[in-house]
Every structure is written in C-alpha cells, then in structure tokens.
Amino acid sequence: MVHWTGENSSVILILTKYYHADMGKVLESSLWRSSDFGTTYTKLTLQPGVTTVIDNFYICPTNKRKLYVTSDLGKKWTLLQERVTKDHVFWAVSGVDANPDLVHMEAQDLGGGFRYVTCHIHNCSDKTLAAPFAGPVDRSSLTVQDDYIFFKATSTNRTKYYVSYRRSEFVLMKLPKYALPKDLQIVSTDENQVLVAVQEWHQTDTYTLYQSDPRGERYSLVLEAVRSSRQAGESVVIDILEVRGVKGVFLANQKVDGKVVTLITYNKGRDWDRLRPPSTDMNGKPTNCKPPDCHLHLHLRWADNPYVSGTVHTKDTAPGLIMGAGNLGSQLVEYKEEMYITSDCGHSWRQVFEEEHHILYLDHGGVIVAIKDTSIPLKILKFSVDEGLTWSTHNFTSTSVFVDGLLSEPGDETLVMTVFGHISFRSDWELVKVDFRPSFSRPCSEEDYSSWDLANLQGDRCIMGQQRSFRKRKPSSWCIKGRAFTSALASRVCACRASDFLCDYGFERSPSSDSEANKCFANFWFNPLAPPDDCVLGQTYTSSLGYRKVVSNTCEGGVDLQQSPTPLQCPLTPPRGLQVRVRGQAVAVRPGEDVLFEVRQEQGDVLTTKYQVDLGDGFKAMYVNLTLTGEPIRHRYESPGIYRVSVRAENTAGHDEAVLFVQVNSPLQALYLEVVPVVGINQEVNLTAVLLPPNPNLTVFYWWIGHSLQPLLSLDNSVATRFADTGDVRVTVQAACGNSVLQDSTVVRVLDQFQVVPLQFSRALDAHNPNTPEWREDVGLVVTRLLSKETGVPEELLVTVVRPGLPTLADLYVLLPSPRPMRKRSITSDKRLMAIRQVLNAQKISFLLRGGVRVLVAVRDVDTDSQRPGGGGGYWAVAVLFVIGLFAVGAFILYKFKRKRPGRTVYAQMHNEKEQEMTSPVSHSQGAQSPIQGEGFIDGDLDSQTLGNHSGVVLSINSREMHSYLVS
C-alpha cells in the first residue's frame, strides 16, 4: 500500500498491489482516491501494468516504461513520454526551476543510449524535448536534488561524474586526484553543499566521505572507511545518517581492521568523536562501560518498509531527540539491538528497551510511540511523554495483529496515529486509530518549557559558528505543544576559530600531533601555486592557503585561516594537454559521413593561442579561440583510408601538438602504449600495447613510428624496433577489433648520454599505489621537483620514472646539457651526481601521503650484470675495448699478486632482452618486472651499484594521451 496527500489536504491517493503468493509478482494494481479525508474512496482507471506512483508527482511509469502525468489529483492521466527510466523522473524544484510544470527525466533514445531530457507537462513531445547535456549518460544515474543535478557518463572505459548547480552548465566533479572512484553515492545536498560517498579503487565494503564547496564542484576529505552493504536489487546502503533537527550533525559507522564503531560529528565532518556510553542500564545497574575501551555503537540501517522507522529515528521538529538500536562495547555487534535515547543531541544517552522497536514521534516529539519490532502479532504499544524517562503501555486492539506500519495524520503537531497490519497472512488490512488527545487537558504555556544548550562532546557550545539554545517541555507538564510550537529559543554568533575551517581541495589535515592537528598540507599531486586552468592573461587569481570555512558556518571575526593572499597576475602559459578527438569517441568512420573533430586544451592560455589544423586529406586551416568556443570542426572524408589529423597549438610561451589517426571505415575505442624508458641507440626495444579488456585473438595492431603514414601491422600486442637517431620520435599504436579501434600515442626523446640513479621508497608507499600511469607520473614529478630544490640541478635535467607494479621502485635519469660528441663527462656532471647522492643518503627527499604518511626516497642497491653495449657512436666501441683490456690486465695482476686496489672501474653493458618491460597498470597481483637496467662508467669515488652512464632513450613523462582510460 502506498499513500500520499495532495496539495489539497483533503485528497488522499492510495496505490494497492496484489502479489502472487508464491512468485511474489504483482498481479494487479489499483489506485484509490478520497476527497473527504479518507471517509470514502473511489477506484480510478489506470493504464495496465502500473506498479509505481511517484510521491506527490502523480507520475506513473508503466512496465512498458511509459510515463503518465496527472494535473487534477489523479482523475485523468495523460501519456507524457516513452522509454523513461523508472525512479529517475523528477518534478521541478521550487525556487530553482523557472517553470513549476517542468519535468526532469532520464529517457532512452532510438539508438539505445540514455539521455537527460526535460519538458513541460502541457507541451511534451519529441520536438519540444530539451537536452541540457548534449552527450549520453549512464543508465539510472540521473539525480535531481535541491540545487543540484547529478549524473555520470562512461566512455572508453572511463567514468566521469558531472554536476550542475542551480541549473548552470554541467562541470566535472573534482574529487581528489587518486580517489579513482568505483562508485559514487549522493548522501546529502542540504545547505548549499554536497556530501558524497565514494568507493575508491582499493575499497571493497567501505566508502570514503567527501564534502563539496557550495557549487558542488571541488571535494575535500571528510571521513574514510565508512561501512557499506549491498541490499536486494544491488542497491548500496552506506552507514551514514544525517541527524534531522540540528544542522551539521551526522552519525557514521566506520570499519577499521574488521571492527565497526559509531562516530558523531557536530560540524559537518570537520571533527568526529565516538558516542559516550551511559553509566547505567535501563534497570539502573552499572554498565561498567568506560572509554576508551568501551563506547555506544548504533546500527544505521534504513528500513525496507517505508512505514516503519529505521534503526535510528530523528525528526526536524524534534531537535536533539535521537532514538537508536545498538549496543555497548568495543565495536558494533550485529545481533544486539538494544534501544537507546538522547534528548540533547548525543551528549548523553540512556537505555530504554532491550530489543529493537519501531518509533513514531507525535506533537513535536512530545509523545514518543514505540512498537516492538517482531514477527509475532501484537496488541500493545508503549508511549512516553517525558522524552523516554518513563514509559506507559496501551492496548491498541483487542485482537493481536501483525503490524505492518505506523502512520500519523498530517502535521507535526498531531496526536493521532494509525497502526495498520493484518490478523493473518490471508486476511484483509486492519487499520487501528490511536488518539492521544484525551490524555492532555490543556495547551502548553511558557511555564511548561525549559531550555537546553547544544554542545559537542567536549562541552564546546560554539558549534557551526554559533551558540544555540532550544526549549523542551518539562517532564512534569502534561500539555499539548500544538501547531505554534517552535523549538529554537536563542542563538548567538561566535568568533571564528581554527576548528571552523576545514582543508581546501587538494589539501589534507595533518594527524601528526595536537599542535598540528588543525594544519592542512598539500597533497603531492596538487600544486597550490599553479594558476587555475581557466586563468586568462590580464586577469588575476589567488592561490589557496589550504583552508576554507565550513559551509553554512556563521562565525564572524576572530581567526581567518582562508584569508586571501595577494592577487597574482595570470601568466602567459604555453598550451598543454592538447587533445583532438572525434565526437562520439570514435576515430573510425564511414566514407562520406560527417565527422566532428573536437579540440580540447587542458592548460595554457587560449586567447593568444593559434591552432594549425591538418586533417590529412589536403585540408589545412588556422584557427583562433578554437578551444574557447568549443565548436567542433566538421569534415567529411570521401575516400577510404587512414588519415593523420594533427593540431598544433602555439603562442609566444610555447606550443603543443596532438595527433589522431582516423580510419575511414570503422569506429573507435581506446588502449595504452607502454615503452621501456631507456634503450641504447640502435638497440632493440619492445613496444607493448595493453588492452582493456584484453582480446589478443581478434585484434590487429597498427604501429606508427615518427611521421610515417605506413604502419607496421602485427597480431601480437608487442613489436620490436630500434631508434637510430637522436631527437624526438612520436610512437603511435592503434588496435582494431571488428568495428572497434583504439589508439594511444607518446613522444620519445633520444639522447646520446645520461646517468641513472636507481631509487626506492618507504614501504608505506605500496599501500597507496593504485598502479596507474598518472599516479606514477605524479610521484615522479614530485621527486624531481624536490631533488631540484635540494640540489640546485635544473628540473629539465632530471627525469624520475616510477616503475609499474609492486614494490614501488623508480629510476632517476640525469640528463647532460647540450651533449657534444667525443667529449668526456665534465666535472659539473660529477658534482650533480654527488649532490643528488648526498641529499638522498641524508634522507632529505620525502613527501606526505593521505593520513600524514611520510615517504622517504633513497638510493636503491642494484646488482651489476655483464651486458652488451647500447651503442653511442664509434668512440664508445674504442672505449669499450680499452676498458675491457684494462680490466683483464687488472684481473691478471690481482690473481698473480693477490693485491687489493682501493677503487675499481667497471663498464657494464645494457640488457638485450626482448621480454615485455612494463606491466599492466591495472592489477596489483602482477609482479613488478624490471625495465632495462643500464650500468655504465662509474668513478671510483661513487658507489658502482648506484650510478650509471648510458646512451639511450628517455620517455617524455608529460606526453600521455590515453592514460586516463585506465582510471575507471
């Protein structure tokens, strides 16, 4: 049975469903309408197959996914739209949507994809449908809630989450970079802020809570490891509960090391505490439960039946009153469901029952009704008029019934309730009305109330920037609060303190010590001084200091941790992150088909940048403001073939280039190209294409090296090649399987000489390693930046490459400036290597991870093996023969005279292995394969197992074009 009341409070609609006793299938649904407060009912005509009536919207999607609407409280139903997604239809939000007759819905288009569309109920057809978002959305992902609209869109194995604030343009939700969400659930959108629960890449039965800025775009960490569970129908239940009546108060169950404990926050997740246990039980006996070993824990489950309370019950008109089922101890126990109550918003608790009960608040919480949660029939209910201090019993029926739900009449002040159920499983409904009004002889006066002050568990009354007082009825006063009752008594604004601020996006709070408990530090992947992506030359910006005030916190004056620093001028920045793609994520099209090329630029100035476009079939053009307008380039290829599409973005600060190979006859998807970071000139090296999902038997691989239009074809995902000349070489691979074509491209820089310093990290880094290319890139960048800062070596001469897999290892490549043939390494190079070795051995290079974990970077010991030279010119061959000769003579002398030399000189060659050097960044179960290691000419004053002098190739770290496809 489903019921609701329309705008006319005398109208009641009830949807009844009749189920098959064995199969559980709905056999018949009927909609009943009453216009006299339920005295009489009339059966309405419905379209066949109606199973759902959406609360107060009067919209009924049928089994054929047809959407009907009524504007006369159910008398007449009109077809609105077909192919809609059940439970993803939303009425206009008052004060946000301009037209109150607007309907938001998720509908399937003729091509089978799903779209977010809107229309007006009086003029809704395929011609009048509006699409606020141009692209497809994932099925069952649309949510319209308060000021926000959410959905997710998946393409090429990557899922993106979008948000719109007050119907503005949709933007990506910016979670911390390495949250790498597997799932995202909207928890709350109250008070101009979004609270989301994210299941990150390493989580299985827990979620992480994040809260947003007012626009819902940028998210900061609130609480980790919140317990979750799967319900019937694959729905996810997350143990987080917003306490109604007092803004900013939440309860959450955190699961750490297999133990579940209940936490409470009074400031929207800025600080969390465990619940205080009561000192005595319901019989007045000591509980012997004392912190820190024992606390109160509550079950935070929602009831499957909407007409009974869940395990915790709160109400907007009863602030501070919380009743919940749980237990005392070191952790939450599933089978223990004792009932506890607090009337001061969690500051103190009392036990009231030994078993779980369904709860109903009447008259603003002045009357609390409790019925035992049991599978046996009942005829007794309990009620309290003094906030659970004492309880009375009442026989609500002479014959015991199986209770199915509790209902109260409209209005928070009501004292009339209804218990409905059935006497047996084959009997009709039994509705029993219970009226508590005769128990109270008069309305309450001011003398019948007392006040209480809101405070957290530390006794601090300044919560969310103000001191708040509430009033409640005295236990000795038997009177009715009535419709005019208001619980809020007084409030006073507090001066701002450090606890009124939380960490901004890209920052996390340090847990190291009490003195630093309120300090926020930047994550290693976030540079707070970098200008924002939309920073335009001539404008100014301010960098975040790491703090922002908690949303809806009303404190004034005092401490201002988010005080704005001096405005900075937006610099002229070179274009970076240039991308060219075909709309629809395809690079395989049919001849004569319109192709829409979209050009995107992640960073850099766009107003002064010019874009040179070459579509590969003779069409060339110059554009300005190409990425600013977002308008696509429309083109049509008439002849089958492969076309090299290139876009070069250039301004006075620098340039970037994007390349796309278009196959005219088939569509596209995605893949990732992995190349060993170092290889000798003219030495064989493997190029490996990693497919997700792998499909080795039906996939053809096309390999482009340099600017050649003639690809190398293979059925294997790995090919061998050689790089003969120095300079930048672009390597591109496409994988074709049926109508699916995937592409990745990277730039390789070929040098004559370089040195390698093997690196290792603290073991704690392995637990934070998602094994994705972008994560390895960011770790490499932060190590490079720190080494440059400590040693003074320019960043452009240092490249840190983090290896795939576990344990987390890296190689530091020290590049030589302007290498000249036939010239030995300079003293300056030795000094750079010595400086790097000294700062690493002195443990001066470290960075922080989530939770304040500090990761040290140190030199890694490696075993030197005899290998074939990589080849760097004719003089290297002479040098090799000369050094080998010296080594042989020295060995002979040592053998004959058994003398020890103070130092040694070793020339080792590079591996000549054809095995795959890199592992897939997806699975931690794959071991870390060692890339080609080169050991070279080593001075006697340096550790021969530490530094190497090489000829080879260094992977350009910032050239990834497709790494993000592996994130999802």
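Residues numbered from 1 in each chain as written. Predicted model: local features only at pLDDT ≥ 70, side-chain atom pairs only at ≥ 80, totals over all residues. Heavy atoms only, no water.

By the naming in an unreviewed UniProt entry, the protein chain is VPS10 domain-containing receptor SorCS2, taken from Equus caballus. Of the comments in the UniProt record for the protein chain, the one headed Sequence similarities (unreviewed entry) reads "Belongs to the VPS10-related sortilin family. SORCS subfamily." (UniProt positions renumbered as here; feature names shortened; annotations may be inferred.)

Caption draft 1: Region of interest: the overall build of the protein chain. Summing up its helical and strand segments, the protein chain has four helices and 67 strands in all. When burial is assessed residue by residue, the protein chain has 51% of its 968 residues classed as buried. Within the protein chain, contacts between residues at least 6 apart in sequence are counted, and of these 55% link residues at least 24 apart. (Helix = DSSP H or I, 4+ residues; strand = E, 2+ residues; numbered from the N terminus. Buried < 20%, exposed > 50% of the residue type's maximum accessible area, 1.4 Å probe, protein only. Contact = heavy atoms within 4.5 Å.)

Caption draft 2: Looking closely at the pairing of strand β37 (residues 466-473). Here β37 lies mainly inside the structure; seven of its eight residues are buried. Both strand β36 (residues 449-453) and β37 contribute to a ladder of five bridges, which runs antiparallel. In the sheet register, S451 faces β37, and the bridge partner there is R471. Strand direction decides the pairing type here: β37 and strand β38 (residues 488-493), joined by five bridges, are antiparallel. Note on β38: the bridge partner recorded for S469 is A490. (Pairing = 2+ DSSP bridges.)

Caption draft 3: Examining the state of the cysteines more closely. Here the structure, examined in full by the defined rule, presents seven disulfides. The disulfide bridge from C496 ends at C555, spanning 2.1 Å between sulfur atoms. Because the torsion about its S-S bond is 95°, the bridge between C496 and C555 counts as right-handed. One end of the pair, C496, is in strand β39 (residues 495-496); the other, C555, is in the loop between β44 (547-549) and β45 (556-558), with 59 residues separating them in the sequence. Take C496 and C555: they sit in the same class, and that class is buried. A sulfur-sulfur separation of 1.7 Å characterises the disulfide bridge that pairs C535 with C570. Every disulfide takes its handedness from the sign of the S-S torsion; for C535 and C570 that torsion is -90°, giving left-handed. In this pair, C535 is assigned in the loop between β42 (520-522) and β43 (540-541) and C570 in the loop between β46 (568-569) and β47 (576-582), connecting sequence segments 35 residues apart. C535 sits in the buried class, given a relative accessible area of 9%. (Disulfide = S-S within 2.5 Å.)

Caption draft 4: Looking closely at the pattern of salt bridges. Applying the stated criterion across every chain, the model contains 34 salt bridges. Between E774 and K177 there is a salt bridge, with the nearest N and O atoms lying 3.3 Å from each other. Of the two residues, E774 sits in helix α2 (residues 773-791) while K177 sits in the loop between β14 (171-172) and β15 (183-188), which places them 597 residues apart along the sequence. For K177, a relative accessible area of 29% gives the class partly exposed. Here R860 makes a salt bridge to D811, at a shortest N to O gap of 3.3 Å. Residue R860 is located in the loop between β66 (854-859) and α4 (874-897), and its partner D811 is located in strand β64 (residues 809-815); the two are separated by 49 residues in the primary sequence. Each member of the pair, R860 together with D811, is buried. The network of salt bridges with common partners includes E200, E224, E508 and R850. (Salt bridge = Lys/Arg side-chain N within 4 Å of Asp/Glu carboxyl O.)

Caption draft 5: View of α2. Spanning 19 residues, α2 covers 27 Å between terminal C-alpha atoms, matching the ideal 27 Å at 1.5 Å per step. Within the span of α2, buried status applies to P773, W775, R776, E777, D778, V779, G780, V782, V783, T784, L787 and S788. A positive phi of about 80° marks G792, the residue just after α2. (Expected span 1.5 Å × (residues − 1).)

Caption draft 6: Up close: the packing of aromatic side chains. Evaluated as defined, the whole model comprises 24 aromatic pairs. Summarising the aromatic geometry, the rings of F524 and F847 are spaced 5.8 Å apart at their centres and angled 45° between planes, so their arrangement reads as tilted. Of this pair, F524 sits in the loop between β42 and β43 while F847 sits in strand β65 (residues 846-848), placing them 323 residues apart in sequence. Here F524 falls in the buried class, since its relative accessible area comes to 11%. Ring geometry for Y702 against W704: centres 6.3 Å apart, planes inclined by 20°, an arrangement best described as stacked. With a relative accessible area of 16%, Y702 lands in the buried category. (Phe/Tyr/Trp six-rings, centres within 6.5 Å; stacked < 30°, edge-to-face > 60°.)

Caption draft 7: Representation of the confidence of the model for the protein chain in the model. Mean pLDDT for the protein chain: 79, with 78% of residues reaching 70 or above. Between residues 822-827, whose pLDDT stays under 50, and residues either more than four places distant or in other chains, the model counts seven contacts. Note on residues 864-881: pLDDT under 50 across the span, and 33 contacts to partners over four residues away in sequence or across chains. (pLDDT = per-residue confidence, 0-100.)

Caption draft 8: Representation of the nonpolar core in the model. F524, F761, V783, L787, L840 and F847 are the most contacted members of the largest nonpolar core, which has 45 residues in total. Every element with two or more residues in this core is listed here: β40 (501-503), β62 (740-761), α2, β63 (798-802), β64, α3 (827-841) and β66. The element best represented in this core is β62, accounting for six residues. When neighbours within four sequence positions are excluded, L787 is seen to be in contact with G792, L798, L812, I836, V839, L840 and I845. (Core = buried A, V, L, I, M, F, W, Y, C linked by side-chain atoms within 4.5 Å.)

Caption draft 9: Structural view of the side chain of Q351. Mapped onto the elements, Q351 comes out in strand β28 (residues 350-353). Here M282 takes part through its backbone nitrogen, which lies 3.2 Å from a polar atom of the side chain of Q351. Reaching out from Q351, the side chain makes a polar contact with the backbone oxygen of F353 at a distance of 3.4 Å. The contact partners of Q351, leaving out residues within four places of it in the chain, are D281, M282, E338, M339 and Y340. (Polar contact = N/O pair within 3.5 Å; in protein donor to acceptor, adjacent residues only side chain to side chain.)

Caption draft 10: Highlighting the environment of G95. With respect to the element layout, G95 can be found in the loop between β8 (84-91) and β9 (102-108). Through-space distance from the C-alpha of G95 to that of D147 is 8.9 Å; in sequence the pair is 52 residues apart.

Caption draft 11: Local environment of the environment of I480. By the secondary structure assignment, I480 is in the loop between β37 and β38. Separated by 37 residues in the primary sequence, I480 and P443 place their C-alpha atoms 4.5 Å from one another.

Caption draft 12: Representation of the sheet that holds β38. An order of β36-β37-β38 is seen for the three strands of this open sheet, with the pairing classed as antiparallel. In the strand order of this sheet, the two ends are held by β36 and β38, each with one partner. Taken pair by pair, the neighbouring strands of this sheet meet at an average axis angle of 20°, ignoring direction. (Axes fitted to C-alpha atoms, helices over the stretch in contact; angles between N-to-C directions.)

Caption draft 13: Structural detail: the sheet that holds strand β34 (residues 416-422). Read from one edge of the open sheet, three strands run β33-β34-β35, paired in antiparallel fashion. Unpaired on one side and paired on the other, β33 (402-408) and β35 (429-435) mark the two borders of the sheet. Between one strand axis and the next, the sheet turns through 25° on average, direction left out of account. Across seven bridges, β34 lies against β35 in antiparallel orientation. In the strand pairing of β35, F420 is matched with L431.

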